[in-house]
Amino acid sequence: MDQMTKEAIRYLGYGKHAVDEKTLALISDSFRNLEDAADKRSIYRIFDFQQIADDRLKIGETEVQSKSLGRNLRGCSGIVLFGATLGTAVDRLITRTSLTDMAAAVVLQACAAAVLEEYCDERQAEIGRILGQEGLYLRPRFSPGYGDFDICFQEPLMRMLDCAKTIGLTMTDSYMMTPTKSVTAVIGASKTKENCHTKGCEVCDKKDCIYRRNVPVT
């Protein structure tokens, strides 16, 4: 079983329970359909960073209040703002599927989340290689909604990245992104290499890490 399939199963909430053959077949079909539908796009920009206090941060000209983000970024000298999307066709595919087969739509949602996560990992690895030439190391992605990093900070992040023009990503008044299979994140850049798992806090056993974020499985 490949890593993408394992991720989709994790998003479906199976835990350690066995997955039936029908669900595995739906997962396989979903990945094939997503490969045809997805229009993957991403954008990143680098900003100056200042930690004013444990829970007060300044990213470019934007001030953020978040103790959990402050822990994650402790010791960083720069900030990468990052946005990515799978595009509107994936949203349309999920909507069409939900009208005829809700079980397949649930699996499709989970597979789309896994595809997006893998794409973000790939792009972050590329950014890491570029910044590594300057002696900088990246921290795990940290998105609005994690810990006490309020979802309202989605708006300045998207504005600073000019997401609407660069990758076609917009936001509703309730801070939900359109297309829905999209993400924005803050990535700290430090001269000190931390042994953070490349797949993030979800799969790391180090529960007492000061950079750890609490991430619900959705």
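Below is a short write-up of the structure.

Conventions we followed
- Residues numbered from 1 in each chain as written.
- Predicted model: local features only at pLDDT ≥ 70, side-chain atom pairs only at ≥ 80, totals over all residues.
- Heavy atoms only, no water.
- Helix = DSSP H or I, 4+ residues; strand = E, 2+ residues; numbered from the N terminus.
- Buried < 20%, exposed > 50% of the residue type's maximum accessible area, 1.4 Å probe, protein only.
- Salt bridge = Lys/Arg side-chain N within 4 Å of Asp/Glu carboxyl O.
- Axes fitted to C-alpha atoms, helices over the stretch in contact; angles between N-to-C directions.
- Parallel < 35°, antiparallel > 145°, perpendicular 65-115°, else oblique.
- Left-handed = near helix turned anticlockwise from the far one by under 90°.
- Contact = heavy atoms within 4.5 Å.
- Nonpolar A, V, L, I, M, F, W, Y, C, P; charged D, E, K, R; others polar.
- Polar contact = N/O pair within 3.5 Å; in protein donor to acceptor, adjacent residues only side chain to side chain.
- Core = buried A, V, L, I, M, F, W, Y, C linked by side-chain atoms within 4.5 Å.

## Re the environment of Cys152
Within the fold, Cys152 resides in the loop between β5 (137-138) and α6 (154-161). Of the residues examined, Cys152 reaches a relative accessible area of 29% and is grouped as partly exposed. Separated by 24 residues in the primary sequence, Cys152 and Met176 place their C-alpha atoms 9.7 Å from one another.

## Description of the pattern of salt bridges
Counted under the stated rule, the structure contains 8 salt bridges. For Arg141, the salt bridge is made with Glu117, and the minimal N-O distance between the two is 3.1 Å. Within this pair, whereas Arg141 is found in the loop between β5 and α6, its partner Glu117 is found in helix α5 (residues 102-132), the two being separated by 24 residues in sequence. Relative accessible area serves as the criterion here: at 17%, Glu117 is assigned to the buried category. One salt bridge connects Arg159 with Glu155, and the closest N-O pair in it is separated by 3.0 Å. Highlighted residues: Arg159 and Glu155, both in helix α6, separated by 4 residues, approximately one helical turn. It is possible to trace a salt-bridge network through shared partners that takes in Glu117, Asp121 and Arg141.

## Quick word on the packing of helix α2 (residues 21-37) against α5
As a packed pair, α2 and α5 sit with axes 9 Å apart at the nearest point and diverge in direction by 60°. Classed by the angle they form, the pair α2 and α5 counts as oblique. Two packed elements cross with a definite hand, and for α2 against α5 that hand is right-handed. Mapping the contact onto sequence places Leu26, Ile27, Ser30, Phe31 and Leu34 in α2 and Ala104, Val107, Leu108, Cys111, Ala112, Ala114 and Val115 in α5. Its residues assigned to classes, the contact of α2 with α5 comprises 11 nonpolar, 1 polar and no charged.

## What about the side chain of Ser66?
Its location among the elements puts Ser66 in the loop between β3 (62-65) and α3 (67-73). A polar side-chain atom of Ser66 sits 3.5 Å from the main-chain amide nitrogen of Phe149. If near-sequence neighbours (up to four positions away) are discounted, Ser66 is found in contact with Asp54, Asp55, Leu57, Asp148 and Phe149.

## Considerations on unusual backbone geometry
Residue Pro179 is bonded to the preceding Thr178 through a cis peptide linkage, with omega at 0°. Following the sequence through the fold, Pro179 ends up in the loop between β7 (177-178) and β8 (182-190). A positive phi angle, near 55°, is found at Asp162, a position not held by glycine. Position of Asp162 relative to the elements: it lies in the loop between α6 and α7 (163-166).

## Thoughts on the nonpolar core
With 33 residues, the main nonpolar core has Ile27, Phe31, Leu34, Phe82, Ala84, Val90 and Cys111 as its most contacted residues. The greatest single-element share of this core, amounting to 13 residues, is contributed by α5. Apart from the residues within four sequence positions on either side, Val90 is in contact with Leu34, Ala37, Ala38, Ala112 and Lys181. Counting residues in hydrophobic clusters, the runner-up holds 24 residues, among them Phe49, Ile59, Leu157 and Leu169.

## A closer look at the packing of helix α4 (residues 88-100) against α5
The geometry of a pair of packed helices is captured by two quantities: the angle between their axes and the separation between those axes. Contact geometry of α4 with α5 gives a least axis separation of 6 Å together with a crossing angle of 155°. When the axes of α4 and α5 are compared, the pair comes out roughly antiparallel. Residues Val90, Leu93, Ile94, Thr97, Ser98 and Thr100 of α4 lie in contact with α5, whose contacting residues are Met102, Ala104, Ala105, Leu108, Gln109 and Ala112. Within the contact of α4 with α5, the residues separate by chemical class into 8 nonpolar, 4 polar and no charged.

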